[in-house]
Protein chains: 2
Amino acid sequence: MTVTITDTGSAPSRRPTLIKALTAPKGFGDATLRDRREDAIELLGGIPDPAVLPAAELAEATIRVLARPGVPALQYSRTEGISPLREWIADREGVPVERIIVTNGGFHGLSLAIHTVLERGDLVAVDNPIFPLFLRGLELSDARILPVRVGPNGLDIDQLADLLRDGARPKALYTVPDFHNPTQGTVPSSVRAELVRLAERYGFVIFADNPYRELWYEGGPESTEAFNNSEHVIHINTFTKTLGPGLRLGWIVVPEYLAGDIVALRSRQDSHSSTLVQAIVGELLTADAGLFDATLDRARRLYKSRAETLVAALEREAPGAFEAVVPGGGLFLWPRLRDDAVDPDRLAVDASDEGVEYQRGSFFPSGPGTDADRHLRLAYGHVPEAQLDDAAVRLGRALRRQSIPKASL
Amino acid sequence: MTVTITDTGSAPSRRPTLIKALTAPKGFGDATLRDRREDAIELLGGIPDPAVLPAAELAEATIRVLARPGVPALQYSRTEGISPLREWIADREGVPVERIIVTNGGFHGLSLAIHTVLERGDLVAVDNPIFPLFLRGLELSDARILPVRVGPNGLDIDQLADLLRDGARPKALYTVPDFHNPTQGTVPSSVRAELVRLAERYGFVIFADNPYRELWYEGGPESTEAFNNSEHVIHINTFTKTLGPGLRLGWIVVPEYLAGDIVALRSRQDSHSSTLVQAIVGELLTADAGLFDATLDRARRLYKSRAETLVAALEREAPGAFEAVVPGGGLFLWPRLRDDAVDPDRLAVDASDEGVEYQRGSFFPSGPGTDADRHLRLAYGHVPEAQLDDAAVRLGRALRRQSIPKASL
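A quick note: this is a predicted structure, and the numbers were derived from the prediction, not measured.

**Let's talk about the side chain of N228 of chain B**
Residues and elements named next belong to chain B.
Next, step 1: The residue N228 is located in helix α8 (residues 225–228) in this model.
Next, step 2: For N228, a relative accessible area of 10% corresponds to the buried category.
Next, step 3: A polar contact of 2.9 Å, which involves the side chain of N228, links it to the backbone oxygen of E93.
Next, step 4: Among all residues touching N228, those that are not within four sequence positions of it are E93, G94, V95, R99 and V253.

**Some words on the confidence of the model for chain A**
Next, step 1: For chain A, the mean per-residue pLDDT works out to 94, and 94% of the residues sit at or above 70.
Next, step 2: Counting contacts from residues 1–9 of chain A, a segment whose pLDDT is below 50, to residues more than four positions away or on other chains yields 21 contacts.

**Overview of the sheet that holds strand β13 (residues 356–360) of chain B**
Residue and element names in this part refer to chain B.
Next, step 1: The four strands lie next to each other as β1-β13-β14-β11, forming an open sheet whose pairing is mixed. Both edges of this open sheet fall to β1 (41–43) and β11 (332–333), since each of them pairs with a single strand only.
Next, step 2: As paired strands, β1 and β13 are joined by three bridges and run parallel to one another. Paired with I41 across the bridge in β13 is V356.

**Details of the sheet that holds strand β8 (residues 233–238) of chain B**
To summarise the sheet geometry, strands pair through backbone hydrogen bonds and adopt either a parallel or an antiparallel arrangement.
Residue and element names in this part refer to chain B.
Next, step 1: Strand order in the open sheet formed by eight strands is β2-β9-β8-β7-β6-β3-β4-β5, and the pairing between neighbours is mixed. Looking along the sheet, the strands with just one partner apiece sit at the ends: β2 (100–103) and β5 (154–155).
Next, step 2: Sheet topology note: the strand β7 (residues 205–209)/β8 ladder contains four bridges and is parallel. Each residue of the ladder has a partner; that of A208, found in β8, is H235.
Next, step 3: Contacts between helix α4 (residues 106–117) and the sheet are confined to β2, β6 (172–175), β7, β8 and β9 (250–253), with β8 contributing the most and set at about 160° to the helix.

**A short note on the relation of the copies chain A and chain B**
Next, step 1: In screw terms, the move from chain A to chain B is a rotation of 180° and a rise of 0.0 Å along the axis, fitting with an RMSD of 0.0 Å. Overall, the copies show the geometry of a two-fold rotation axis.
Next, step 2: Interface overlap between copies: 100% of the residues of chain A at the interface are likewise at the interface in chain B, consistent with a symmetric, same-surface contact.

**Structural notes on the interface of chain A and chain B**
Next, step 1: Listed per partner, the contact involves 85 residues of chain A and 85 residues of chain B.
Next, step 2: Regarding the contact of chain A and chain B, the summed buried area is about 7,000 Å², with carbon and sulfur atoms giving 59% of it.
Next, step 3: Summed over the shared surface of chain A and chain B, the number is four salt bridges.
Next, step 4: Summed over the shared surface of chain A and chain B, the number is 30 residue pairs in polar contact (both at pLDDT 80 or more).
Next, step 5: Looking at the side of chain A that touches chain B, the elements with two or more residues in it are α1 (17–20), α2 (55–66), α4 (106–117), α5 (132–138), α7 (189–202), α9 (256–266) and α10 (275–287) of chain A.
Next, step 6: A per-class count over the side of chain A that touches chain B returns 38 nonpolar, 29 polar and 18 charged.

**Thoughts on the pairing of β8 of chain B**
All names here are of chain B.
Next, step 1: Across the six residues of β8, six count as buried, placing the element largely inside the fold.
Next, step 2: Alignment of β8 against β9, held across four bridges, turns out to be antiparallel. Across the sheet, H235 pairs through a bridge with V253, a residue of β9.

**Points about the side chain of T309 of chain A**
All names here are of chain A.
Next, step 1: Tracing the sequence through the fold places T309 in helix α11 (residues 291–317).
Next, step 2: The class of T309 is buried, set by a relative accessible area of 15%.
Next, step 3: Among the polar contacts listed, one links the side chain of T309 to the backbone oxygen of S305, at a separation of 2.9 Å.
Next, step 4: Contacts of T309, omitting those with residues within four sequence positions, involve E385, L388 and D389.

**Examining the pattern of salt bridges**
Residue and element names in this part refer to chain A.
Next, step 1: Within the structure shown, the criterion is met by 60 salt bridges over all chains.
Next, step 2: The salt bridge partner of R78 is E80, with a shortest N-O separation of 3.0 Å.
Next, step 3: E354 serves as the salt-bridge partner of R401, at 3.0 Å between the closest nitrogen and oxygen. On the criterion of sequence distance, the pair formed by R401 in helix α13 (residues 385–403) and E354 in helix α12 (residues 344–354) is long-range, its members being 47 residues apart. You'll find R401 and E354 in the same group, each marked buried.
Next, step 4: Overlapping salt bridges bring together R346, D350, D353, E354, R397 and R401 as one network.

**Here's the deal with the domain arrangement of chain A**
Residues and elements named next belong to chain A.
Next, step 1: Per the domain assignment, the segments of chain A are domain 1 (17–53 + 293–401) and domain 2 (72–288).
Next, step 2: The centre of domain 1, based on its C-alpha atoms, is set 25 Å off from the matching centre of domain 2.
Next, step 3: In this assembly, 40 residues from domain 1 lie in contact with 33 residues from domain 2.
Next, step 4: Interface area for domain 1 against domain 2, summed over the two sides, is near 3,100 Å², with a carbon-plus-sulfur share of 60%.
Next, step 5: Inspection of the region where domain 1 meets domain 2 yields three salt bridges.
Next, step 6: E214 is paired through a salt bridge with R300; the nearest N and O atoms lie 3.3 Å apart.
Next, step 7: In this structure, the connection of domain 1 to domain 2 is made through 18 residue pairs in polar contact (both at pLDDT 80 or more).
Next, step 8: Sorting the residues of the side of domain 1 that touches domain 2 by element identifies α1, α11 and β11 (332–333) as the ones contributing at least two each.
Next, step 9: At eight residues, α11 tops the list of elements feeding residues into the side of domain 1 that touches domain 2.
Next, step 10: Grouping the constituent residues of the side of domain 1 that touches domain 2 by class yields 26 nonpolar, 10 polar and four charged.

**Some remarks on the nonpolar core**
Next, step 1: Counting residues in each nonpolar core, the largest one holds 146 residues, and the members touching the most others are F239 and V281 of chain A together with F239 and V281 of chain B.
Next, step 2: Excluding anything up to four places from it in sequence, F239 of chain B contacts L85, W88, I89, G244, L249, G250, W251, V281, L285 and F292 of chain B.
Next, step 3: Counting 66 residues, the second-largest nonpolar core is a separate cluster that includes I130 and I262 of chain A together with L110 and V263 of chain B.

**Here we look at α4 of chain B**
Next, step 1: Helix length check: α4 of chain B, at 12 residues, gives a terminal C-alpha distance of 16 Å against a target of 16 Å (1.5 Å per residue), a fit within 8%.
Next, step 2: Three or more residues of α4 of chain B are buried, namely G106, F107, H108, G109, L110, S111, L112, A113, I114, H115, T116 and V117 of chain B.

**A word on the packing of aromatic side chains**
Residue and element names in this part refer to chain A.
Next, step 1: Tallied over the full model, the rule gives 14 aromatic pairs over all chains.
Next, step 2: Both rings, one in F134 and one in Y174, keep their centres 3.8 Å apart while their planes meet at 5°; by these two values the pair is stacked. With F134 in helix α5 and Y174 in strand β6 (residues 172–175), this residue pair connects regions lying 40 residues apart in the sequence.
Next, step 3: Judged by its relative accessible area of 1%, F134 falls in the buried class.

Thresholds applied
- Residues numbered from 1 in each chain as written.
- Chains lettered and ligands numbered in written order.
- Predicted model: local features only at pLDDT ≥ 70, side-chain atom pairs only at ≥ 80, totals over all residues.
- Heavy atoms only, no water.
- Helix = DSSP H or I, 4+ residues; strand = E, 2+ residues; numbered from the N terminus.
- Buried < 20%, exposed > 50% of the residue type's maximum accessible area, 1.4 Å probe, protein only.
- Polar contact = N/O pair within 3.5 Å; in protein donor to acceptor, adjacent residues only side chain to side chain.
- Contact = heavy atoms within 4.5 Å.
- pLDDT = per-residue confidence, 0-100.
- Pairing = 2+ DSSP bridges.
- Axes fitted to C-alpha atoms, helices over the stretch in contact; angles between N-to-C directions.
- Least-squares fit on C-alpha atoms with pLDDT ≥ 70 in both.
- Buried area = accessible area lost by both parts, 1.4 Å probe.
- Salt bridge = Lys/Arg side-chain N within 4 Å of Asp/Glu carboxyl O.
- Nonpolar A, V, L, I, M, F, W, Y, C, P; charged D, E, K, R; others polar.
- Domains from an automatic or database assignment.
- Core = buried A, V, L, I, M, F, W, Y, C linked by side-chain atoms within 4.5 Å.
- Expected span 1.5 Å × (residues − 1).
- Phe/Tyr/Trp six-rings, centres within 6.5 Å; stacked < 30°, edge-to-face > 60°.

Shown next as structure tokens:
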């Protein structure tokens with residue numbers, strides 16, 4: 001044991017290894033990069049629009065659960081989650097209820113997966129480009145990363161197979177299978193099955209991070225059957241993008257052999273997710289069987305319309321400047337700058353000056369070999385269409401600052 | 001890196017060091033010890049009575065927060081907690097708001113303290129007897145423990161000083177200063193100041209776990225000034241025993257130098273406590289300035305009356321059998337069996353058979369040298385007085401099984 005005796009009144013100075021590994025945000029999430037105008041239009045985060053969150057229905061559900069005799073919603077409950085909610089989720093997922101663990105949202109599910117599967121220093125294959133906050137989460141396990149290319153159909157399974165064949169032995173793989181953050185793509189069902197076969201063959205666990213899966217715009221969701229049928233997948237889900245981030249409520253579908261370990265860990269953190277929030281959402285979902293899908297239908301229509309508006313506005317206000325495709329779902333557009341002469345960092349600074357804020361594509365690579373720096377991540381879900389039009393006007397102005405000689409501006 | 005290649009379809013078998021250290025409950029929390037009667041009276045846990053939880057007021061607060069324009073209660077919020085709630089807490093604690101971090105209840109505060117202060121394998125001084133779940137929480141850091149005697153006035157600071165003088169160098173000290181779980185005692189204000197001086201001199205951090213502090217029965221609370229004025233204290237608090245465990249809402253008062261580390265860790269777990277729960281409780285506390293204290297007054301009167309009922313009933317139904325003192329607050333009675341001839345394990349089994357369940361004193365020691373096995377922990381907060389009377393009758397019957405020869409029963 002190291003003995004530390006500090007002077008009277010001074011702060012103990014030795015920080016645990018776990019804490020020393022946690023770094024300050026760089027790029028994505030670093031507020032110091034922005035000097036925001038008062039009237040800035042913010043396309044920064046995947047925020048659901050309050051207009052499609054069932055606030056009134058949640059209030060009504062709350063009144064009912066808080067009027068129950070003995071008010072069980074205000075008491076302790078099981079670490080795994082309360083039964084009505086878990087059963088509703090299990091039924092929707094098509095898995096036994098024992099495989100459902102309720103969490104405080106998607107990121108919480110990821111942190112439980114990280115702690116339960118990874119030894120400190122383990123190798124983890126990750127999306128490239130990636131949702132950058134996962135890399136911050138990985139600092140909890142001091143993991144090393146193996147970037148795997150993400151293409152128009154999500155994770156590039158051929159590159160992953162090559163890496164594995166060449167001897168890479170990750171303990172886990174992180175990917176966003178549906179409406180990828182930031183690159184919009186979705187892994188087709190057949191590729192999911194192949195991915196699971198690789199996981200089983202090479203002994204890694206897939207962390208399938210799926211916050212956007214319910215926000216498909218047309219034709220229904222991709223199948224999760226391959227995930228459900230394997231002991232090598234933790235499927236991480238949340239009500240964040242559908243019922244509201246502020247609930248802090250999600251779930252993971254886990255293989256049975258992991259459920260006990262996750263509960264053991266969770267019971268030493270915060271015991272269980274808020275019984276009140278679980279009871280409210282459980283009541284909301286079960287009292288009116290059609291409410292969740294009706295809520296989702298409204299959200300899907302709204303987000304699809306906004307995505308179309310944004311793509312059309314970009315083409316109108318900056319003709320030919322972007323390669324932009326309306327996503328199949330989710331909350332992000334990932335347009336590519338066609339003209340290599342455009343400096344994307346200058347564009348972001350000029351856009352901020354014009355009054356539009358977004359995440360630079362250069363914040364998203366987890367390794368070399370991407371053209372992410374030629375992209376912008378535009379989050380449109382919470383932005384009214386008139387503002388999306390205006391954002392495109394501002395972005396067009398920012399772009400033209402680079403095509404017109406300074407003197408003539 | 002260890003390479004693990006498993007057979008197709010088999011579960012990956014290597015468990016992380018963190019997870020391997022987590023053990024199954026023994027004694028306290030082990031449901032297999034009980035074979036409960038249908039009509040059993042349960043004096044098992046420190047559960048607040050629903051009659052003194054402000055359920056209707058919480059429902060009204062919910063309606064108001066969910067009707068606000070843009071419904072911020074359903075959106076993301078800061079890791080530290082939302083401002084109205086943090087400010088109310090800071091004001092009540094008498095510390096700057098920067099020192100308040102909102103948590104998912106008391107145990108969550110403990111887990112954040114454990115991860116932020118302790119290196120794996122560190123030595124931690126702990127109450128003896130102790131709230132056993134803290135030892136389970138400590139498994140997160142694989143800590144070694146240094147038991148310190150707890151007497152009628154809580155932690156025995158003289159024994160702690162002796163241990164430190166003899167060379168013990170804990171990195172942290174865990175204690176419940178107010179209405180100790182399980183032993184009822186409270187550390188006087190003057191002793192808190194001495195305790196803080198020891199922490200500053202020997203360089204350890206005090207984890208002051210204080211879920212029961214607001215449930216004093218008479219004369220007001222002990223001062224927390226010594227805790228507030230030191231950089232060597234994390235003061236762990238919760239609304240669990242006052243507004244309801246099901247909220248999963250608490251807070252820690254931390255020294256400023258630790259706030260950043262705790263936020264960095266927390267932001268990688270579940271990002272923040274439910275914005276909705278924080279907004280509801282913030283609204284409850286600020287909309288009617290007197291409501292919290294009025295709620296507490298009702299709770300204090302109820303729990304005091306139940307404690308008195310239970311002590312009187314024990315004396316009536318088992319005259320002279322127990323040394324039992326009405327606690328100064330909290331939710332636990334810690335009566336001692338006067339007759340050394342009584343077998344406490346047999347008593348617990350017989351009591352269960354008679355229909356009364358409690359925690360055996362033998363579940364609570366963290367080391368040798370206590371008489372905890374001669375005690376019972378009776379949790380009376382949630383049990384109506386008629387049932388407390390009945391529990392004493394049943395306990396009296398169970399006791400008499402040991403004083404009367406089997407043949408004559």
